[in-house]
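# A look at the structure
If you want the building blocks of each chain, they are given just below.
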Amino acid sequence: MPTLDERLKHVTLKVKRAKEHVVALELALRKFLESGPCKVGARHDTNTRKLIYYVTAAVPVPDCLPLIAGDVIQNLMSALDHLAYQIVCNDTGDAPPNPSWIYFPIADDVTKYEAKKHSKMEGARQKTFDAIDALKPYKGGNDLLWTLYRLNNIEKHRLLLTVGSQAAGINLGQLMAGHLGAVFPAEAVAAFESKNLFLIPADKGFPLKPGFELYIGAVDEKPNPKQQFRFDVALSEPGIIEGKPLLEAVNQLATQVESVVSTLTPLLQ
């Protein structure tokens, strides 16, 4: 009978590989954002005379980013499938009735989950299903697991996940400094400018294109040459995940998978 470490070997290797891809993604993402892919200009509306900061240029996100993100997702889903396989092997004395058709059960809703869970882990004990049921691996239960499941299906059947740049905020400190510079002492204005307080817009403009308006100011307001804007790269698949910062999304998925592995490991003991 395999030891616990032997049971978990491929699971932990897949999670480890996913996290290595996360590190690579972070490096590639930082390199892209530090290149200044999004440029900002300022103009006044011809009718209202209000100041408008807008995107003048937006370099497309390099293909390496969605490719690496896809590698993260594939390895995380594979880790769960390996875990399911080892649990069924453990439950059946290493004689699973259908070894080529064992998958971690995740579904679009609770009804579909209940209908398919036994066929995906045929031979597993009721104790196993009770433990997995408690995770609620379906939409409306554990949405992170469901998101991983759906993104993995997309990644397997389409070349790239939908990834693009989006607005991530305007520096409020500099914005306030620009308004107060005429009436406050220079020291106070400098104090405002030094504050990195970013207002995140409701409309992030995903995917960013030239002409997108980032902020509308006051009538006849002068542009602040120091005004800072933040941008990030987001993952957006309609109906699954929309406008979520890419690195944050894959980190949350990795953390969720690690939690599932930790929760279900006692089934192998």
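An account of the accompanying structure is given in this report.

Conventions used here
- Residues numbered from 1 in each chain as written.
- Predicted model: local features only at pLDDT ≥ 70, side-chain atom pairs only at ≥ 80, totals over all residues.
- Heavy atoms only, no water.
- 1 Å grid on protein atoms, 1.4 Å probe; cavity = no way out; pocket = protein on both sides within 12 Å on 5 of 7 lines; lining within 4 Å.
- Points joined across faces, edges and corners; volume = space filled by probe spheres on them.
- Helix = DSSP H or I, 4+ residues; strand = E, 2+ residues; numbered from the N terminus.
- Nonpolar A, V, L, I, M, F, W, Y, C, P; charged D, E, K, R; others polar.
- Buried < 20%, exposed > 50% of the residue type's maximum accessible area, 1.4 Å probe, protein only.
- Core = buried A, V, L, I, M, F, W, Y, C linked by side-chain atoms within 4.5 Å.
- Contact = heavy atoms within 4.5 Å.
- Expected span 1.5 Å × (residues − 1).
- Bend = angle between axes of the 7 residues up to and from the residue.
- Pairing = 2+ DSSP bridges.
- Axes fitted to C-alpha atoms, helices over the stretch in contact; angles between N-to-C directions.
- Arc of directions from axis to C-beta.
- Polar contact = N/O pair within 3.5 Å; in protein donor to acceptor, adjacent residues only side chain to side chain.

## Focus on the layout of surface pockets
Estimated volume of the largest pocket: approximately 350 Å³. As for the largest pocket, its lining consists of 15 residues, and the residues nearest its centre are Tyr 103, Lys 120, Tyr 149, Asn 153 and Lys 156. Mapped onto the lining of the largest pocket, the elements with two or more residues apiece are helix 2 (64–91), helix 3 (110–120) and helix 5 (143–157). Partitioning the lining of the largest pocket into residue classes produces six nonpolar, five polar and four charged.

## A few points about unusual backbone geometry
Put simply, Phe 206 and Pro 207 share a cis peptide bond, and its omega is -15 degrees. Along the polypeptide, Pro 207 turns up in the loop between strand 4 (198–199) and strand 5 (213–219). Positive phi, normally seen in glycine, also occurs at Arg 49, with a value near 65 degrees. Residue position: Arg 49 is located in the loop between strand 1 (38–44) and strand 2 (50–58). According to the relative accessible area criterion, Arg 49 is partly exposed, its value standing at 44%. Residues other than glycine seldom take positive phi values, yet Asp 94 does so here, at roughly 60 degrees. Relative to the assigned elements, Asp 94 resides in the loop between helix 2 and helix 3.

## Focus: the nonpolar core
Within the largest apolar cluster, 58 residues are counted, with the highest numbers of intra-cluster contacts made by Leu 65, Leu 80, Leu 83, Phe 104, Leu 246 and Leu 264. Of all elements in the fold, only helix 1 (4–34), helix 2, helix 4 (126–133), helix 5, strand 6 (229–237) and helix 8 (246–264) reach the threshold of two or more residues within this core. Considering every element that reaches this core, the biggest residue donor is helix 2, with 13 residues. Every residue in contact with Phe 104, bar those within four places of it in the chain, is listed here: Met 77, Leu 80, Asp 81, Ala 84, Lys 120, Ile 132, Leu 135, Pro 137, Val 260 and Leu 264. Leu 175, Leu 208, Phe 212 and Leu 214 belong to the second largest nonpolar core, which has 12 residues in total.

## What about helix 1?
Helix length check: helix 1 (31 residues) gives 44 Å between terminal C-alpha atoms against 45 Å at 1.5 Å per residue, within 8%. In helix 1, a bend of some 40 degrees at His 10 exceeds every other bend along the element. Of all the positions in helix 1, only Arg 7, Leu 8, Val 11, Val 15, Ala 18, His 21, Val 22, Leu 25, Ala 28, Leu 29 and Phe 32 are classed as buried. Against helix 2, strand 3 (163–171), strand 6 and helix 8 lie the buried residues of helix 1. Of the residues trailing helix 1, Gly 36 is marked for its positive phi of about 70 degrees.

## Observations regarding the sheet that holds strand 5
Overall, antiparallel pairing links the three strands, which are arranged 1-2-5 in an open sheet. Whereas interior strands pair on both sides, the edge strands pair on one side only; in this sheet they are strand 1 and strand 5. Taken pair by pair, the neighbouring strands of this sheet meet at an average axis angle of 25 degrees, ignoring direction. With seven bridges connecting them, strand 1 and strand 2 associate as antiparallel partners. Directly across from Arg 43, in strand 2, lies its bridge partner Ile 52.

## Overview of the sheet that holds strand 6
Across the sheet, which stays open at both edges, the four strands sit in the order 4-3-6-7 with antiparallel pairing between neighbours. Of all the strands in the sheet, just strand 4 and strand 7 (241–245) have a single pairing partner and so form its edges. Relative to strand 6, strand 3 runs antiparallel, the two being bridged by seven bridges. Paired with Ser 165 across the two strands is Val 233, which belongs to strand 6. Each of strand 3, strand 6 and strand 7 is contacted by helix 8, which is oriented at about 100 degrees to strand 7, the strand it contacts most.

## Considering helix 4
Within helix 4, burial applies to Thr 128, Phe 129 and Ile 132. The buried residues of helix 4 occupy one face: seen down the axis, they fall within an arc of 95 degrees. Looking at the buried positions of helix 4, the neighbouring elements they touch are helix 2, helix 3 and helix 8.

## So, the side chain of Ser 236
Relative to the helices and strands, Ser 236 is located in strand 6. Residue Ser 236 is classed as buried on the basis of its relative accessible area of 11%. At a separation of 3.4 Å, a polar atom in the side chain of Ser 236 contacts the main-chain amide nitrogen of Gly 243. Ignoring sequence-local partners within four residues, the contact set of Ser 236 consists of Thr 162, Phe 206, Ile 241, Glu 242 and Gly 243.

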